[in-house]
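Chain and residue survey
Now for the letters of each chain:
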Amino acid sequence: MPAVTPPSPELPSSSTPLLIYIHAMFREAFGAPSSTLALDSQWTLRSQPDAPAIFVLVNGSYEKPAVWVFDPYTADNVWRTSITSNGEVDRAIEEIHRRTAAAAASWAAGPTQ
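Keep in mind that what you see is a predicted model, and the values were worked out from it rather than measured. (Residues numbered from 1 in each chain as written. Predicted model: local features only at pLDDT ≥ 70, side-chain atom pairs only at ≥ 80, totals over all residues. Heavy atoms only, no water.)

1. Structural notes on the overall build of the protein
For the protein, the helix and strand inventory stands at 2 helices and 5 strands. Ordered by position from N to C terminus, the α and β elements of the protein give α-β-β-β-β-β-α. In the protein, buried positions account for 34% of the 113 residues. Considering only contacts within the protein whose residues lie at least 6 apart along the sequence, 36% involve residues at least 24 apart. (Helix = DSSP H or I, 4+ residues; strand = E, 2+ residues; numbered from the N terminus. Buried < 20%, exposed > 50% of the residue type's maximum accessible area, 1.4 Å probe, protein only. Contact = heavy atoms within 4.5 Å.)

As C-alpha cells, this is what we get:
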C-alpha cells in the first residue's frame, strides 16, 4: 500500500493502513464526511439540493472495513461490500460514482407516469 497520512483528525492514530487509505480516497472523491463517529464516517450525496440523498457509510472495523450505500433511486436500496485491498476501494468509489450519476439523471428526468 502506498504511504498515506491520516486524512483527518477523526481517525485514531491506531487506524490500519487500509482504513487510512479508504478515508483518504473517500475524502478525495466525495469531500469531508457529513459526520464521523469513532472509526465510522458517513457522507450525504445529492445531485441537487432538493434531491433525495444517497447515504454512504464507511464502517471502520479494524479487521474488515465495509462500505454501505443507501440509495433510494434503486430497487434494492442498499449496496454493501467488504474492503480488503486498495483495488476494492477504487471499485467501491466507481460504484458510488455510477450510482450518483444515475440518481442525477433520474432526478433530472422527473417523475415517471
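2. Some details on the pattern of salt bridges
Scanning all chains against the criterion turns up 4 salt bridges. Here Arg 99 makes a salt bridge to Asp 76, at a shortest N to O gap of 3.9 Å. Pair noted here: Arg 99 is in helix H2 (residues 86-109) and Asp 76 is in the loop between strand S4 (66-70) and strand S5 (78-82), with a separation of 23 residues, a long-range link. Within this structure, Asp 71, Asp 76, Glu 95, Arg 98 and Arg 99 form a network of salt bridges that share partners. (Salt bridge = Lys/Arg side-chain N within 4 Å of Asp/Glu carboxyl O.)

3. A short note on helix H1 (residues 17-30)
Across its 14 residues, H1 extends 20 Å between first and last C-alpha, which sits within 8% of the 20 Å expected from 1.5 Å per residue. Within H1, the full set of buried residues consists of Leu 18, Leu 19, Ile 20, Tyr 21, Ile 22, His 23, Ala 24, Phe 26 and Phe 30. Where H1 is buried, its residues meet strand S2 (40-45), strand S3 (54-59), S4 and H2. Positive phi shows up at Gly 31, right after H1, with a value of about 85°. (Expected span 1.5 Å × (residues − 1).)

4. Regarding H2
The end-to-end C-alpha distance of H2, which contains 24 residues, comes to 35 Å, matching closely the 34 Å that a straight helix rising 1.5 Å per residue would cover. The set of residues buried in H2 consists of Asn 86, Val 89, Ala 92, Ile 93, Glu 95, Ile 96, Arg 99 and Ala 103. In this structure, the buried side of H2 is in contact with H1, S2, S3, S4 and S5. Just downstream of H2, Gly 110 is the residue with a positive phi angle, here 80°.

5. Concerning the sheet that holds strand S1 (residues 35-37)
One open sheet holds the 5 strands; their spatial order is S1-S2-S3-S4-S5, and the pairing between them is antiparallel. Two strands lie at the open edges of the sheet, namely S1 and S5, each paired on one side alone. Taking the axes of each pair of neighbouring strands and ignoring which way they run, one obtains an average angle of 15° across the sheet. As judged from the 5 bridges shared by S2 and S3, these two strands associate in the antiparallel manner. Looking at the pairing, Gln 42 lines up with Leu 57 of S3. With respect to the sheet, H1 is in contact with S2, S3 and S4, its orientation differing from that of S2 by roughly 15°. (Pairing = 2+ DSSP bridges. Axes fitted to C-alpha atoms, helices over the stretch in contact; angles between N-to-C directions.)

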